[in-house]
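Examination of the molecular architecture
The lines below spell out each chain.
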Amino acid sequence: NTHKEVKTMNLLFKGIIVYVCVIIAMRFMGKRQIGELQPGELAVTFLLSEVASMPLQSDSVSLLSGLSLVFLLVLLEVASAFFNMKSRLYRRLIQGNSVLIIKEGKILKRNMKMIRYSNDDLLEALRLKEVFDISQVQYAYIETNGSISVELKPQHRTITPQDLSMATEKVSIPCLVICDGEIVDSEFDVCNMTREKLYKILDEKELSAKEILLMTVDSSGRSYIRLKEVKKP
């Protein structure tokens, strides 16, 4: 009995330590919900649950070994997040890109095949956004975490005071054209943009692409620019 009691107390102690350490580990990894996790983050989350349970399931695995693996996974995820912020190429390799699947109410079958997205998948995703008629959709993107972003045609959107003042103006979706100082041309056709037009806008504002953290442009030529922060010496 004494041996069983000691074993039980040891298991309870391990459980408390593992619980606290996993909470701390998840805290360092950020505050995203499961549906918002990128593929790499989701894989690490599943691995954490498996690794953390190893010291509780087997006496041959020490508590220190299990916790070391937990914090190794967290360290790798933090390092990945750092490179993710610093390198757009790394982001593309690890996360991929958002994919346009509906443009001006038309389904882009080629893009859907590229991400292996079926018509049933599309209809279900739209219904979850309370959209039941594809013809009402102006643009729809599949984001890197698998969720769908939908922009309805102007006549099917909820009316706002701003809409009333812009009733005769054609509204288009802003496209990312510069990210972290690099020109992004994957969405040029959506916003009717070319490199020549982009360079003209930059020349008018006396800016270079390397100075820009984020720039979006819509098909009417309206742009939003966020400059990089200049590091103080």
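Thresholds, definitions, all that
Each chain has its residues counted from 1, following the order in which its sequence is written. Given that this is a predicted model, residues contribute local features only at a pLDDT of at least 70 and side-chain atom pairs are listed and counted only at 80 or more, while totals for whole chains, interfaces and linings are drawn from all residues. Side-chain measures were taken over the full set of non-hydrogen atoms in the model, leaving aside hydrogen atoms and water. Comment: elements are numbered from the N terminus, with helices defined as DSSP H or I runs of at least four residues and strands as E runs of at least two. Relative accessibility thresholds used throughout: buried, under 20% of the residue-type maximum; exposed, over 50%; partly exposed, between the two (1.4 Å probe, protein chains only). Contact definition: two residues touch when any of their heavy atoms are within 4.5 Å. The Shrake-Rupley method, run with a 1.4 Å probe, gives the accessible areas here. Residue values count only the displayed protein chains as cover. Any carboxyl oxygen of Asp or Glu within 4 Å of a side-chain nitrogen of Lys or Arg constitutes a salt bridge here. Here, the arc refers to the directions that run from the helix axis to the C-beta atoms. Note on terminology: a nonpolar core comprises buried Ala, Val, Leu, Ile, Met, Phe, Trp, Tyr and Cys residues joined through side-chain atoms within 4.5 Å. A pair of strands is labelled paired if DSSP reports no fewer than 2 bridges between them. Here an angle of 0 to 180 degrees is reported between the N-to-C directions of two axes, which are lines fitted to C-alpha atoms, with helices fitted over the stretch in contact.

This paragraph deals with the overall build of the protein. When helices and strands are counted, the protein shows 8 helices and 8 strands. Looking at the protein as a whole, 30% of its 233 residues qualify as buried. In the protein, once contacts between residues fewer than 6 apart in sequence are set aside, the share between residues at least 24 apart is 49%. Within the structure as shown, the protein displays about 16000 Å² of accessible surface, and the carbon and sulfur contribution to it stands at 59%.

Here we take up the pattern of salt bridges. Counted under the stated rule, the structure contains 2 salt bridges. In this structure, Arg195 engages Asp185 in a salt bridge whose closest nitrogen and oxygen atoms are separated by 3.6 Å. Taken together, the positions of Arg195 in helix H8 (residues 195–204) and Asp185 in the loop between strand E6 (182–183) and H8 put the pair 10 residues apart, joining distant regions of the chain. Owing to a relative accessible area of 35%, Arg195 belongs among the partly exposed residues under this scheme. We note a salt bridge from Asp218 to Arg222, for which the minimum N-O separation is 3.0 Å. Assessed through its relative accessible area of 6%, Asp218 is described here as buried.

It helps to recall that an α-helix has 3.6 residues per turn; residues three or four apart then point in one direction. Every buried residue of helix H6 (residues 119–128) is accounted for by Leu122, Ala125 and Leu126. End-on view of H6: buried residues confined to an arc of 100°, all on one side of the axis. Relative to its buried face, H6 has exposed residues pointing more than 90 degrees away, namely Asp120 and Leu128. For H6, the elements touching its buried residues are strand E1 (99–103), strand E2 (106–107), helix H5 (109–114), strand E3 (137–142) and strand E4 (148–152). Positive phi shows up at Glu130, right after H6, with a value of about 65°.

Across soluble globular proteins, nonpolar side chains show a tendency to be buried alongside one another. In terms of nonpolar packing, the biggest core is built from 20 residues, with Val177, Ile178, Val190, Met193, Leu198, Leu202 and Met215 touching the most fellow members. Within the residue set of this core, elements represented by two or more residues are E3, strand E5 (175–179), H8 and strand E7 (212–217). Leu202 has contacts with Ile178, Leu207, Ser208, Ala209, Ile212 and Met215, leaving out every residue within four places of it along the chain. Of all hydrophobic cores here, the second largest spans 14 residues; its members include Ile102, Leu122, Val131 and Ile142.

Strand order across the open sheet formed by 4 strands is E6-E5-E7-E8, with antiparallel pairing between neighbours. The open sheet is flanked by E6 and strand E8 (223–227), the only strands paired with a single partner. Where E7 lies against E8, 5 bridges are found, and the strand directions are antiparallel. By the bridge assignment for E8, Val217 is matched with Ser223. Together, E5, E6, E7 and E8 form the strand contacts of H8, whose direction differs from that of E7 by roughly 120°.

Purely geometric stuff here, so don't read any function into it on its own.
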